[in-house]
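Residues per chain are reported as follows:
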Amino acid sequence: MAWMNATKDSLMYAVFDGPSKTWYRSPVGIARSQNCWVDLDLFDDGGAIRPTIAFSPNGVLKAATKDPVGGTWSLETVYSAGNVDNVSIAADSLGALHIAFHEISGNDLLYATNRNGPWTNEYVDITMGFGTYFFG
């Protein structure tokens, strides 16, 4: 699971180990926001699970991916042209990330992907009021 720990101002990740019945928690990075939308997807990278998180500290859309071997997190800015909330992330079978999100300023539904390398963003619906509540 992933969540924003407002007390520590940190994005957090945890995995449950069934045999030991223990939660292993680790900070992903400083979010610098007490209000942060968070979504998590797990990608099976050849038998190694690679967690990917979309989050929106201070309205900027970011993605975090954990290296399954080294255990370090890489952070990328996906979208910073507006104020983002309601994020939903999924990884496809090749490991490319796909994020749907609501951009508050224009009240628009957008889609972002890194399937061709650098992040690209597309408007899905610019109808006023659409995209505020959706399920990815």
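Data block above holds the structure.
Residues numbered from 1 in each chain as written. Predicted model: local features only at pLDDT ≥ 70, side-chain atom pairs only at ≥ 80, totals over all residues. Heavy atoms only, no water.

A.B. asks: It is not clear to me how the sheet that holds strand β9 (residues 97-103) should be interpreted in this structure. Could you clarify?
C.D. replies: Hydrogen bonds between backbone atoms are what pair the strands of a sheet, whose relative direction is either parallel or antiparallel. Taken in spatial order, the 4 strands make up an open sheet running β8-β9-β10-β11, and their pairing is antiparallel. At either end of the open sheet lies a strand with only one pairing partner, and these are β8 (84-91) and β11 (120-125). Ignoring which end each strand starts from, the neighbouring axes of this sheet average 25° apart. Bridge analysis of β8 against β9 gives 6 bridges, and the strand direction is antiparallel. If you follow S88 over to β9, its bridge partner there is A100. (Pairing = 2+ DSSP bridges. Helix = DSSP H or I, 4+ residues; strand = E, 2+ residues; numbered from the N terminus. Axes fitted to C-alpha atoms, helices over the stretch in contact; angles between N-to-C directions.)

A.B. asks: In this structure, what is going on with the sheet that holds strand β6 (residues 61-66)? I would like to understand it.
C.D. replies: Across the sheet, which stays open at both edges, the 4 strands sit in the order β4-β5-β6-β7 with antiparallel pairing between neighbours. The open sheet terminates on both sides in strands that have one partner only, identified here as β4 (38-45) and β7 (73-79). For this sheet the average axis-to-axis angle between neighbouring strands, irrespective of direction, equals 20°. In this structure, β6 lies alongside β7, joined through 6 bridges in antiparallel fashion. Its bridge partner lying in β7, K66 is registered against W73.

A.B. asks: Can you help me understand the pattern of salt bridges in this one?
C.D. replies: Pairing between side chains of opposite charge can happen when their charged atoms approach one another. Counted under the stated rule, the structure contains 1 salt bridge. Between D45 and R50 there is a salt bridge, with its nearest N and O atoms 3.9 Å apart. Using a relative accessible area of 39% as the deciding quantity, one classes D45 as partly exposed. (Salt bridge = Lys/Arg side-chain N within 4 Å of Asp/Glu carboxyl O. Buried < 20%, exposed > 50% of the residue type's maximum accessible area, 1.4 Å probe, protein only.)

A.B. asks: For this particular structure, what's the right way to read the side chain of T65?
C.D. replies: Checked against the element boundaries, T65 lands in strand β6. In this structure T65 comes out as buried when scored by relative accessible area, which is 11%. Apart from the residues lying within four places of it in its own chain, the contact partners of T65 are R50, P51, T52, T72, W73, S74 and L97. (Contact = heavy atoms within 4.5 Å.)

A.B. asks: Can you help me understand a nonpolar patch on the surface in this one?
C.D. replies: Together, M1, F16 and W23 line one region of the surface with nonpolar side chains, adding up to about 320 Å² of accessible area. Position of M1 relative to the elements: it lies in the segment before β1 (2-5). (Patch = residues over 30% accessible without salt bridge, like charges linked within 9 Å, V, L, I, M, F, W, Y side chains within 5 Å. Areas by Shrake-Rupley, 256 points an atom, 1.4 Å probe, with all protein chains shown as cover.)

A.B. asks: What is the right way to read the environment of R50 from this model?
C.D. replies: Tracing the backbone through its elements, the reader meets R50 in strand β5 (residues 48-55). Note: C-alpha distance between R50 and Y24 (26 residues apart in sequence) is 15 Å. A distance of 3.4 Å separates a polar atom in the side chain of R50 from the backbone oxygen of G95. (Polar contact = N/O pair within 3.5 Å; in protein donor to acceptor, adjacent residues only side chain to side chain.)

A.B. asks: How should the packing of aromatic side chains be read in this particular structure?
C.D. replies: For the coordinates displayed, the defined rule picks out 3 aromatic pairs. Between the aromatic rings of Y13 and W73, the centroid separation amounts to 5.4 Å while the plane-to-plane angle is 70°, which identifies the pairing as edge-to-face. You can see Y13 sitting in strand β2 (residues 10-17) and its partner W73 sitting in strand β7, a full 60 residues away along the chain. When the centroid spacing of 5.1 Å and the interplanar angle of 55° are considered together, the rings of F16 and W23 count as tilted. Judged by its relative accessible area of 42%, F16 is partly exposed. We classify W23 as partly exposed; its relative accessible area is 41%. (Phe/Tyr/Trp six-rings, centres within 6.5 Å; stacked < 30°, edge-to-face > 60°.)

Any link to function would need more than the numbers given here.
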